[in-house]
Structure formats: structure tokens, C-alpha cells
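Examining the three-dimensional arrangement
Residue-level listing of the chains:
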Amino acid sequence: RRLAQIQATQQQANAARQHVHGLLHVAEQALAAGQLHAARAAADEIRTVKAEAGVLPKPTVQRLSRLVQQLTELERWEVFGQRQARIQLCERAEALESQKLDAPRLALEVQKLRGEWKALDEQHAGVPKSIWERFDGACEKAYAPAARHFAEMAALRKEARRQFTVADLAAQTE
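In this text, all values refer to a predicted model and were calculated from it rather than measured experimentally.

As a further point, take the pattern of salt bridges. Opposite charge on two side chains permits them to pair, given that their charged atoms come into close proximity. If you walk through the whole model with that rule in mind, you get 12 salt bridges. With a closest N to O distance of 2.9 Å, Glu75 and Arg40 form a salt bridge. Here the residue Glu75 occupies a position in helix H3 (residues 58-98), and Arg40 occupies one in helix H2 (residues 36-53), the gap between them amounting to 35 residues. The partly exposed category is assigned to Glu75, whose relative accessible area is 21%. Glu159 is the partner of Arg162 in a salt bridge, and the nearest nitrogen-oxygen pair spans 2.6 Å. One end of the pair, Arg162, and the other, Glu159, are both in helix H5 (residues 129-173), 3 residues apart, so they sit about a helical turn from each other. Overlapping salt bridges, with partners in common, bring together Arg40, Asp44, Arg47 and Glu75 in one network.

Structural data, given as C-alpha cells:
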């Protein structure tokens, strides 16, 4: 019975080792394709399965170490790139305030900047609050003239409808 338990344990360890090798291959492929999130998910799963695998061969340990090192470095670059992209969006939003654009064009530019921000959020949501507040404030300031213009146009339309209704009622009572 003891021999059967040892063999079962060895089979489980071998299966876990094979699983680690498979995950390692998947992570390396994802990293080569630039898919950091998939590579990170595979590396995290390797960390959980590694204990069941027992002692890994030295080449596997080296591959895993290289993978984790590259992944960490690329994630740092991703955070840096995200921060730089958001700062550039802030600068573009701040520059809109000084540009003399007509209201529809200005509204479209602000909407486009906010869309780019949302696209960055889908890739990497961890953004410092100070950068978001800077961006949002710049967009609000840049959009203010367009908002005033649209409010004036709405008021003019409302007044025109009111005058039309008054004239229509006066014509009906005559």
C-alpha cells in the first residue's frame, strides 16, 4: 500500500510538472505576442501549481525566472507608458482651452479626448487621482465655451417655439 501511495504521489507531481511546463510555454508565447495580462495570469497560475510539482528541473527554473523578470520589466514599462499617455492627454486638453474652435468642433475634440482616456482605462485602470482630476478639470474648462453656446442656442430655440406658439394662438383666436 505504501508503494502505491508513493507512485500516486509521483504521478501527481509529474502531472503538476507537465502542467507547469504547459503554463510556462503559454506564458512565454503570450509574452512574445505582447499580451502582458495573459502572461501574468499564466505566471500567477504557475506560482500556485509549482508547490504540487515538487523540485523542478534547473532549465525550467531558469526559464521561469527569465519569464518573471521580463514580465516584471514590461509591466513597469506599461505603467510608465500609461502615465505618459495620460499626461499627454492632459496637455492636449489644456491646449484646447487656448484654441479658438467653433462650439461643435470643440465639443467633438473634448469627446474624442475623453474617449481616448476611456480606452486607456480599459487597458490599465490604475491611474493616480491627481492626473484624472487634472484631465477632467482641463476638459471641463475647454468645454465651457461650447456648453455656453449650446445653452444659448437651446434658449433661443425655446424662445422661438414660445413666440411661434403665441403667434399661432393669436392667429387662431382671430
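With that settled, the discussion passes to the environment of Val110. Along the chain, Val110 turns up in helix H4 (residues 103-123). When the C-alpha atoms of Val110 and Arg66 are compared, they prove to be 43 Å apart, with 44 residues separating the residues in sequence. Beyond its immediate sequence surroundings of up to four residues, Val110 is in contact with Leu96, Cys139, Ala142 and Tyr143.

About the criteria used
- Residues numbered from 1 in each chain as written.
- Predicted model: local features only at pLDDT ≥ 70, side-chain atom pairs only at ≥ 80, totals over all residues.
- Heavy atoms only, no water.
- Salt bridge = Lys/Arg side-chain N within 4 Å of Asp/Glu carboxyl O.
- Helix = DSSP H or I, 4+ residues; strand = E, 2+ residues; numbered from the N terminus.
- Buried < 20%, exposed > 50% of the residue type's maximum accessible area, 1.4 Å probe, protein only.
- Contact = heavy atoms within 4.5 Å.

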